Amino acid sequence: MKRFLRSGHDQARERLKQDLFKFNKTVEHGFPHQPSALGYSPSLRIMAIGTRSGAIKLYGAPGVEFMGLHRENNAVVQIHFLPGQCQLITLLDDNSLHLWTLNQRDGVSELHEEKFSTLRGPPGAAPSATQITVILPHSSQELLYLGTESGNVFVEKLPSFQILEDRTISTEAVLQWLPKDAQHCRAFEMVEALQEHPQDPTQVLIGYSRGLIIIWDLQNSRVLHHFLSSQQLENVCWQRDGGCIVSCHYDGSYCQWKVSSEVQHPEPLQSRVPYGPYPCKAISKIFWLRTRKGLPYIIFQGGMPRASYGDRHSISVIHGNQETAFDFTSRIIDFTVLTEADADFDEPYAMVVLAEEELVVIDLKTVGWPVLQAPYLASLHCSAITCSHHVSSISLKLWERIIAAGNKQNSHYSSMVWPIDGGTSLAPDPPQRDLLLTGHEDGTVRFWDASGVCLRLLYKLSTARVFLTDTDPNDNLNALGEDEWPPLRKVGSFDPYSDDPRLGIQKIFLCKYSGYLAVAGTAGQVLVLELNDEEAEQVVDHAEANLLQDQEGYRWKGHERLRARQGPICFEPGFQPFILVQCQPPAVVTSLALHSEWKLVAFGTSHGFGLFDHQQKRQVFVKCTLHPSDQLAMEGPLSRVKSLKKSLRQSFRRMSRSRASGRKRRVAGNSGELQELNARAERAGLQNMELAPVQRKIEARSAEDSFTGFVRTLYFADTYLRDSSCHCPSLWVGTNGGTVYAFSLRVPPPDRRMEDPVRAEQAKEIQLMHRAPVIGILVLDGRGLPLPEPLEAAHDLSKSPDMQGSHQLLVVSEEQFKVFTLPKVSAKLKLKLTALEGSRVRRVSVAHFGSCKAEEYGEHHLTVLTNLGDVQVVSLPFLKPQVRYGCIRKEDVSGIASCVFTKYGQGMAAWRPPDPEGWPRGRGKAFLLVPRL
Amino acid sequence: MNRSFNKSQSLRFFDCNAVEVKSKFGAEFRRFSLDRYKPGKFEDFYKLILHIHHISNMDVMIGYADVHGDLLPINNDDNFFKAVSSANPLLRVFIQRQGGCSSLPPSTPCWLEEVDFCNFGTSTLTRKKKVLVTLRNDNLRRRPHLNISMPHDFRPVSSIIDVDILPETHRRVRLYRHGCEKPLGFYIRDGTSVRVTSQGLEKVPGIFISRMVPGGLAESTGLLAVNDEVLEVNGIEVAGKTLDQVTDMMIANSHNLIITVKPANQRNNIIRSSRMSGSSGQSTDSTASHHSLPSSHAEQNFHPDEMESDEETDIVIEGALEPQHISKTPSLPSSSLSRVNGTTFSHRLQRDLTLNNSSRESNGNLHKLLSSLKSDPRHSLVIPRGGIEEDGTVITL
């Protein structure tokens, strides 16, 4: 065998490898991590988002995306598109300015950085003198006005970033035009606002933080008008006709000023504190938008009563007597309003809000101001993702049924066409329909369209309805009455605080042929669901699987199991549960397998595993895998760690509840408590680190180790388990302690399926001597190919497996890959990954690699993700490492843990927690984009 | 390859008391049988061996392969009886000329535990084959052998290997965990090591032994010490690897761990006579000579094939019967479990061991059996599949 493996088609193999394997990190799905700036170009109809790590991402029509990365790892503070051009300016927090251009090359647009510069003052000047606070790209397309902390406004020429010193609007220059009383009362301080006159490009409005606003004549370098407010200035808005300006202030007020040269000491036309009379927080940005119908839209950020709603992230929209304060669950980074402006009117139609955790677009044209469903930037992490599952090549029929179910859920969304629609995607239509299912901590499963560049939410399944939880549904944010003031309305889907973490989804399995779905959760619950296009009221059959099988002397110290709701429950169209199996003790379900042809579902926890017949709704068997001395597994995993986490979670929940339930005004105390807790936890962590030098114990694994009975993998296969003459259904189980159990199953023929019981008997038990956790089991057919999925061959989507030649068993542990013969299990081949390179297998799955040269040629291999973040391809059936790519930073433990592979060699991983990305290989999803100008 | 195997099976069926013996001297084999329970005296056995191999005028030592694949001596009535009674099913006997140990290949130096009877028990069969091969050519170098004592059931726990190919400042230590019940018992940490390079002294990150568990294997061998720098794990350099990677590598190799260290205490180094004159200046440096190791050596010592044969084999239990049939399982003598080398159990064993989902009692028994398999070192290593003379790919006579 050895000789055969080494024999010499190496060069040909190397060439073939190049055709088969290529690593691309192509798509980033989801919402960018730590966004820090928003920009929008009305002419390009493209939106730009900057992040704290120096990335800028441009989004237009669905599929049109550009990404740029600043060389510096600094946060993007501001983004400004140059009016009417394919260029944008970014300001980083190191005070550097960068010019980016969308160039066209070969009919495709590319984003690249053209030039950068840092504003420098004269030698010896304080750094604040040139610290940029606001940027105004002038409509002449040549000049950039830069307001600074010193109060001076510098002018730079574009694209050279050359400073035009003679045009600098210094505080001294401004001062000499002001009357004496305005001069003496205030210093200027920093520039807070810079606005060009909406119609006259020679006038610029400058607002200083102490409350002075001037209108500067660029041609004659003089102050045309000045306005003096008693309050600190936050921002200014110039109305469309230029006749009025609106300023907003630190005390939560806004003022309207008439621009007229007659008055020497202008007073505001109107001054209002919208959420007064008690002290309010600052209004940090304001829009005053005129409509043809007369009533303006007044849109402002902040201004909430300081004491009771000071923690809210709100944007208020006032239009006549319609008033809504949109309440966001995360900090607002910036917002902008999309308008169909002409010379006199703004006609706003949509508002784009970039919050820290999501993008929300609100339709201002439709009554009720509904939210638009975003085609991209989906907030995958709206509730913490607890697991994910990828299904490739969904049939059109199932796809349409899922979409139909989802559409019924999305009726509250606006029907407006997505307004940010710049550019045209040249990407070809995705070759197949792929689904990504994400399980969340709040008990939901979200179905995403993962076929193309954009990840789009199709359908959301909630399992919480099956259970009685201690949360009161009325305790929700929607409970606010009509006459509540301020008129808060919660928007967005980001809600990281789960009410009952036991609902969390831990494992998902979808059979794309039958539409059966199995999900399993944190409290040992296993649900089997099937797709129903109609709403239905039905009873969920409830069974208990006692995995301890009456072993005594154990006490479960973890969470209680969930209480199932009795009686018929009404389920909306979509996946509706019909079986609930609850494991006892209610430990996290650690593995799950569903065989839709045999109608069996297998599940495992840290205590054992069970097999359930969902056709007859009967338990086939359970087996305890717990080692008698494993006390730790009994107590509930990590019970002590959990208590701290739990208390944190509870205080979070208290916090969100107090926010939700109106005017309780307890917020400050709670967040203080939380900070205290955090600080304490951090201190404790630091102390521990100082006490113990980093050292690692070298000890062989033993049967007495903890969690050896933890079931890591379950696998159904039709193979030669007992003898080589007849094959039979079998269930394979792998544990954390390196044990593999094999059960032969007797599934009655279809005509007797309801009468005869399914029988199972243990046929084999393999103890790997290296005792590493078994994370994958696979049976290879006579041709050395992995057995197809259940129903795959029946639907003619795969060649039927070769049952003539002898089958082989592949067991993948964290340390080794090992091939055994079947039915007599003896070791045949192995690859010792850990012993050779010190990396351990975290994820493994079979993928089909198509050749990029020959369409019909492809091979099945294992894609492997190691704990070092490497992706490796290991050949089947000879276990030869093929290629290896560094892919995820090894420190990014959650990214590695979140990785899923697709059947075509693509992988998806949550990069930093909220940033799932996909990296297809082989057939890359290269896409070409052209912005529509 | 299964010829002898089948034969032994048939023998066992006809007469359970008969033990098939296969003795080997040089390249020659002889087969005969003994009564399992009344094998007779060692002296008679010795004569029988001399007779059937036509050995005359020569003192020989007799050894046998025990169930773990270790070569143990037969030199008195007790261990002869033990060898016969524990044969399962075949007793493999190896005959060597007296004094063979002086002709050990240099890769197995005499050291501590092995001073006396170094051929026996130092290694598994595959290693031994090499010894036997070299033995015939090395008569000239024979020197008088000093017999201090004959250990009855001798098993190594550690050894220093590859002294000839390593720089004198380095030590390659092999820990045999299956040979004792002790935990490996040591900790490693990150640290910095000073290397001599062409640019002068250079500080590089390294992995060091940080702690010894009192009473653990590592401590009891005396071959490893706190602050020894770890350079290789089973032939793979640790340079550039993180502490966690090295930890994982060591654990993955824990059944047969070979660590190359640069001892913190350099005073106990072995000084080889051949190098004595010229190499003393080298003792501070390590890397240069270390890296220049001929690769063939590395291959010879860490050939995957050899690692393979050293390794413990997975236990496979085939359960075949209906769960309902058996309610209680008689507890088994653990010795009968020892044949687990990837082949099936005998039929009786299969029946007894049938795993039973409905009967927890038998499950419990199995648990006990499995853990006893593990904790009793005698049952944790088995003869490599196919035995010795059958395995044509390994032996090169």
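This is a predicted model, so every value here is computed, not measured.

1. Remarks on the overall build of chain A
Regarding its fold elements, chain A presents 11 helices and 64 strands. Taking the contacts inside chain A whose residues are at least 6 apart along the sequence as the reference set, 58% of them involve residues at least 24 apart. For chain A, the accessible surface area stands at approximately 38,900 Å², while carbon and sulfur atoms represent 49% of it.

2. With respect to the overall build of chain B
Along its length, chain B carries 11 helices and 13 strands. A total of 397 residues make up chain B; the buried ones form 54% of that total. Here the contacts in chain B between residues at least 6 apart in sequence split such that 68% fall between residues at least 24 apart. For chain B, the exposed surface amounts to about 18,200 Å²; the carbon and sulfur share of it is 54%.

3. Here's the deal with the pattern of salt bridges
All told, the structure shown has 36 salt bridges over all chains when counted by the stated rule. Here Asp244(B) and Arg696(A) are joined by a salt bridge, their closest N and O atoms 2.5 Å apart. Of the two residues, Asp244(B) sits in helix H6 (residues 243-252) while Arg696(A) sits in strand E48 (residues 695-698), which places them in two different chains.

4. As for the UniProt feature "domain: Lethal giant larvae homologue" (unreviewed entry) in chain A
When the UniProt feature table is mapped onto this chain, "domain: Lethal giant larvae homologue" (unreviewed entry) is found at residues 272-370 of chain A. Measuring from the first to the last C-alpha atom of residues 272-370 of chain A gives 27 Å, for a span that is 4% helix and 49% strand.

5. What to know about the environment of Val317(A)
Residue and element names in this part refer to chain A. Position of Val317 relative to the elements: it lies in strand E24 (residues 313-319). You can call Val317 buried: its relative accessible area is 0%. Between the alpha carbons of Val317 and His770 there is a distance of 65 Å; along the sequence they are 453 residues apart. Apart from the residues within four sequence positions on either side, Val317 is in contact with Tyr297, Ile298, Ile299, Gln322, Glu323, Thr324, Phe326, Met351, Leu364 and Trp369.

6. Description of the nonpolar core
All names here are of chain A. By size, the foremost hydrophobic cluster in this structure holds 36 residues, and its most contacted members are Trp732, Leu809, Leu810 and Phe817. Examining the composition of this core, we find that six residues originate from one element, strand E53 (residues 774-780), more than from any other. In this structure, Ile508, Leu510, Leu531 and Leu580 belong to the second largest nonpolar core, which totals 33 residues.

7. Examining unusual backbone geometry
All names here are of chain A. Residue Pro159 is bonded to the preceding Leu158 through a cis peptide linkage, with omega at 0°. Turning to its location among the elements, Pro159 is positioned in the loop between strand E12 (153-157) and strand E13 (162-163). A cis amide bond links Leu822 with the next residue in sequence, Pro823, at an omega value of 0°. Tracing the sequence through the fold places Pro823 in the loop between strand E55 (816-821) and strand E56 (827-832). The backbone of Phe161 sits at a positive phi, close to 60°, despite the residue not being glycine. For Ser393, which is not glycine, the phi dihedral falls at a positive 50°. Secondary-structure assignment places Ser393 in the loop between strand E29 (385-391) and helix H6 (396-409). The exposure class of Ser393 is partly exposed, given its relative accessible area of 27%.

8. Things to note about the UniProt feature "repeat: WD" (unreviewed entry) in chain A
Here, UniProt's "repeat: WD" (unreviewed entry) annotation points to residues 431-449 of chain A. Taken end to end, residues 431-449 of chain A has its terminal C-alpha atoms 13 Å apart, with 0% of it in helix and 63% in strand.

9. A short note on the domain arrangement of chain A
Domain parsing of chain A yields domain 1 (229-377), domain 2 (386-408 + 432-467 + 502-624) and domain 3 (840-874 + 885-932). Averaged C-alpha coordinates put domain 1 of chain A and domain 2 of chain A at centres separated by 45 Å.

10. Points about the environment of Leu510(A)
All names here are of chain A. Here Leu510 lies in strand E36 (residues 505-510). Sequence separation between Leu510 and Gln176 is 334 residues, and the spatial gap between their C-alpha atoms is 74 Å. Ignoring anything within four residues of it in the chain, the contact list for Leu510 reads His389, Val391, Leu435, Leu437, Tyr516, Leu517 and Phe575.

11. A closer look at the sheet that holds strand E19 (residues 244-249) of chain A
All names here are of chain A. Taken in spatial order, the four strands make up an open sheet running E18-E19-E20-E21, and their pairing is antiparallel. Only two strands of the sheet have a single partner each, and these edge strands are strand E18 (233-238) and strand E21 (270-272). The average undirected angle you get between the axes of adjacent strands in this sheet is 15°.

12. Brief notes about the sheet that holds strand E6 (residues 76-81) of chain A
All names here are of chain A. With respect to topology, four strands assemble into an open sheet ordered E6-E7-E8-E9, the strand pairing being antiparallel. Strand pairing shows two members of the sheet lacking a second neighbour, E6 and strand E9 (108-118), which therefore form its edges. Averaged over all adjacent pairs, the angle separating strand axes in this sheet is 25°, with direction ignored. Here strand E7 (residues 87-92) runs beside strand E8 (residues 96-105); their pairing, made up of five bridges, is antiparallel. Each bridged residue has a counterpart across the sheet, and for Leu88 the counterpart in E8 is Trp100.

13. Considering the domain arrangement of chain B
Once the domains are mapped, chain B shows domain 1 (18-97) and domain 2 (158-267). One C-alpha centre belongs to domain 1 of chain B, the other to domain 2 of chain B, and the line joining them spans 38 Å.

14. Points about the environment of Ala543(A)
Residue and element names in this part refer to chain A. Relative to the elements of secondary structure, Ala543 occurs in strand E40 (residues 541-546). Separated by 372 residues in the primary sequence, Ala543 and Thr171 place their C-alpha atoms 78 Å from one another. Not counting the four nearest positions on each side in its chain, Ala543 is found in contact with Leu580, Val581, Gln582 and Phe612.

15. Let's talk about the confidence of the model for chain B
Interpretation of the predicted coordinates at a detailed level should be avoided for regions scoring low in pLDDT. All names here are of chain B. This prediction gives chain B a mean pLDDT of 63; 50% of its residues lie at or above 70. Mean pLDDT in chain B bottoms out at helix H8 (residues 295-302), which sits at 37, and peaks at strand E10 (residues 229-233), which reaches 92. This stretch, residues 100-142, has a pLDDT under 50; its non-local contacts, to residues over four places away or in other chains, come to 102 contacts. Within the model, pLDDT remains below 50 along residues 274-310, and this stretch shows 55 contacts once partners closer than five positions in the same chain are excluded. Two summary scores accompany this predicted model of the complex, namely pTM at 0.73 and ipTM at 0.73.

16. Considerations on the UniProt feature "domain: PB1" (unreviewed entry) in chain B
In the numbering used here, UniProt assigns the "domain: PB1" (unreviewed entry) feature to residues 18-98 of chain B. The straight-line gap between the two end C-alpha atoms of residues 18-98 of chain B is 29 Å; of that span, 25% is helix and 42% is strand.

17. Comments concerning the side chain of Asn256(B)
Position of Asn256(B) among the secondary structure elements: in the loop between H6 and strand E12 (257-262). For Asn256(B), a relative accessible area of 6% translates into the label buried.

18. With respect to the side chain of His53(B)
Residues and elements named next belong to chain B. Note on placement: His53 falls in the loop between helix H2 (42-52) and strand E3 (60-65). Residue class for His53 comes out buried when judged on its relative accessible area of 4%. Among the polar contacts listed, one links the side chain of His53 to the side chain of Ser23, at a separation of 2.5 Å. Those residues in contact with His53 that lie beyond four places of it in its chain are Ser23, Lys24, Phe25, Glu28, Phe29, Arg30 and Ile95.

19. Focus on a nonpolar patch on the surface
Residues and elements named next belong to chain B. Residues Val194, Val196 and Leu201 make up a contiguous nonpolar surface patch of roughly 270 Å² in combined accessible area. Topologically, Leu201 is positioned in strand E9 (residues 200-212). The exposure class assigned to Leu201 is exposed, which follows from its relative accessible area of 66%.

20. Re the confidence of the model for chain A
Residue and element names in this part refer to chain A. Within chain A, residue pLDDT values average 82, and 83% of them lie at 70 or more. In this model residues 472-482 is a low-confidence stretch, pLDDT under 50, and it forms eight contacts with partners more than four residues away in sequence or in other chains. Predicted confidence is poor over residues 911-933, with pLDDT under 50, and the contacts of this stretch with residues over four places away or in other chains come to 117 contacts.

So, how was this worked out
- Residues numbered from 1 in each chain as written.
- Chains lettered and ligands numbered in written order.
- Predicted model: local features only at pLDDT ≥ 70, side-chain atom pairs only at ≥ 80, totals over all residues.
- Heavy atoms only, no water.
- Helix = DSSP H or I, 4+ residues; strand = E, 2+ residues; numbered from the N terminus.
- Contact = heavy atoms within 4.5 Å.
- Areas by Shrake-Rupley, 256 points an atom, 1.4 Å probe, with all protein chains shown as cover.
- Buried < 20%, exposed > 50% of the residue type's maximum accessible area, 1.4 Å probe, protein only.
- Salt bridge = Lys/Arg side-chain N within 4 Å of Asp/Glu carboxyl O.
- UniProt positions renumbered as here; feature names shortened; annotations may be inferred.
- Core = buried A, V, L, I, M, F, W, Y, C linked by side-chain atoms within 4.5 Å.
- Domains from an automatic or database assignment.
- Pairing = 2+ DSSP bridges.
- Axes fitted to C-alpha atoms, helices over the stretch in contact; angles between N-to-C directions.
- pLDDT = per-residue confidence, 0-100.
- Polar contact = N/O pair within 3.5 Å; in protein donor to acceptor, adjacent residues only side chain to side chain.
- Patch = residues over 30% accessible without salt bridge, like charges linked within 9 Å, V, L, I, M, F, W, Y side chains within 5 Å.

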